[in-house]
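Listed below, chain by chain, are the residues.
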Amino acid sequence: DKRAFTVKEAADYACVGRSTIENWLVRGLLPYEELPGTGAGKYRFRRIRKRDLDEFLDRLYTGNDSADREKSNSKPIILTRNS
């Protein structure tokens, strides 16, 4: 059982397009971890915790997204390795 997904894996798991996941990350709706590396753009080394994705999808599909609306104007949530 995977504990963290790449952006593509998260998109496949959530049955959405990669651009949707990217949008959620940029808007700060979905936390992710950026790993050290030389990747840039879509090749950055980002990982999304399965637990975070499951919680986000639960809120999204149950309509309990008031916290997400508040976050939509905030910066992306980037987790550090110590999180």
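Residues numbered from 1 in each chain as written. Predicted model: local features only at pLDDT ≥ 70, side-chain atom pairs only at ≥ 80, totals over all residues. Heavy atoms only, no water.

1. Comments concerning the overall build of the chain
The condition that has to hold: For the purposes of this entry, the term helix denotes a DSSP run of H or I that reaches at least four residues, the term strand denotes a run of E that reaches at least two, and both are numbered from the N terminus. Buried residues are those whose accessible area, probed at 1.4 Å on protein chains only, stays under 20% of the maximum for their type, while exposed residues exceed 50% and partly exposed ones sit between those limits. Only heavy atoms enter the contact rule, under which two residues are in contact if any of them lie within 4.5 Å. Each accessible area value is a Shrake-Rupley result obtained with a 1.4 Å probe; residue values ignore everything except the protein chains displayed when judging cover.
When helices and strands are counted, the chain shows 4 helices and 4 strands. The order of α-helices and β-strands along the chain, N terminus first, is β-α-α-β-β-α-α-β. Counting across all 83 residues of the chain, residues that qualify as buried make up 29%. Here the contacts in the chain between residues at least 6 apart in sequence split such that 61% fall between residues at least 24 apart. Carbon and sulfur atoms make up 50% of the accessible area of the chain, which amounts to about 5600 Å² in all.

2. As for the confidence of the model for the chain
For clarity, the threshold we go by: A score from 0 to 100, pLDDT tells how confident the predictor is in each residue.
For the chain, the average pLDDT comes to 79, and 67% of its residues sit at 70 or higher. The spread of mean pLDDT over the elements of the chain runs between helix α4 (residues 66–71), the lowest at 50, and helix α1 (residues 7–14), the highest at 95.

3. A few points about the pattern of salt bridges
Side chains that differ in sign of charge can pair as their charged atoms come close. Put simply, the test is: Basic side-chain nitrogens of Lys or Arg form a salt bridge, by our definition, when they fall within 4 Å of a carboxyl oxygen of Asp or Glu.
One pass over the full model with this rule turns up 4 salt bridges. For Lys50, the salt bridge is made with Asp54, and the minimal N-O distance between the two is 2.9 Å. Of this pair, Lys50 and Asp54 both sit in helix α3 (residues 50–62), 4 residues apart, roughly one helical turn. The class of Asp54 is partly exposed, set by a relative accessible area of 23%. Here the salt bridges do not stand alone but share partners, grouping Arg18, Glu22 and Arg46 into one network.

4. Things to note about the nonpolar core
Definition in use: Nonpolar cores are built from buried Ala, Val, Leu, Ile, Met, Phe, Trp, Tyr and Cys residues. Side-chain atoms within 4.5 Å join them into one set.
Residues Ile21, Trp24, Leu25, Leu30, Ile48 and Leu53 are the most contacted members of the largest nonpolar core, which totals 15 residues. Every element with two or more residues in this core is listed here: α1, α2 (18–26) and α3.

5. Description of the pairing of strand β3 (residues 46–49)
Here is the rule: Two strands form a pair only when DSSP identifies at least two bridges running between them.
A one-sided burial pattern is seen for β3, the buried positions being Arg46 and Ile48 and the unburied ones Arg47 and Arg49. Both strand β1 (residues 4–5) and β3 contribute to a ladder of 2 bridges, which runs antiparallel. Residue pairing in the sheet places Phe5 in a bridge with Ile48 of β3. Alignment of strand β2 (residues 32–34) against β3, held across 2 bridges, turns out to be antiparallel. The residue bridging Glu34 from the neighbouring strand is Arg46, located in β3.

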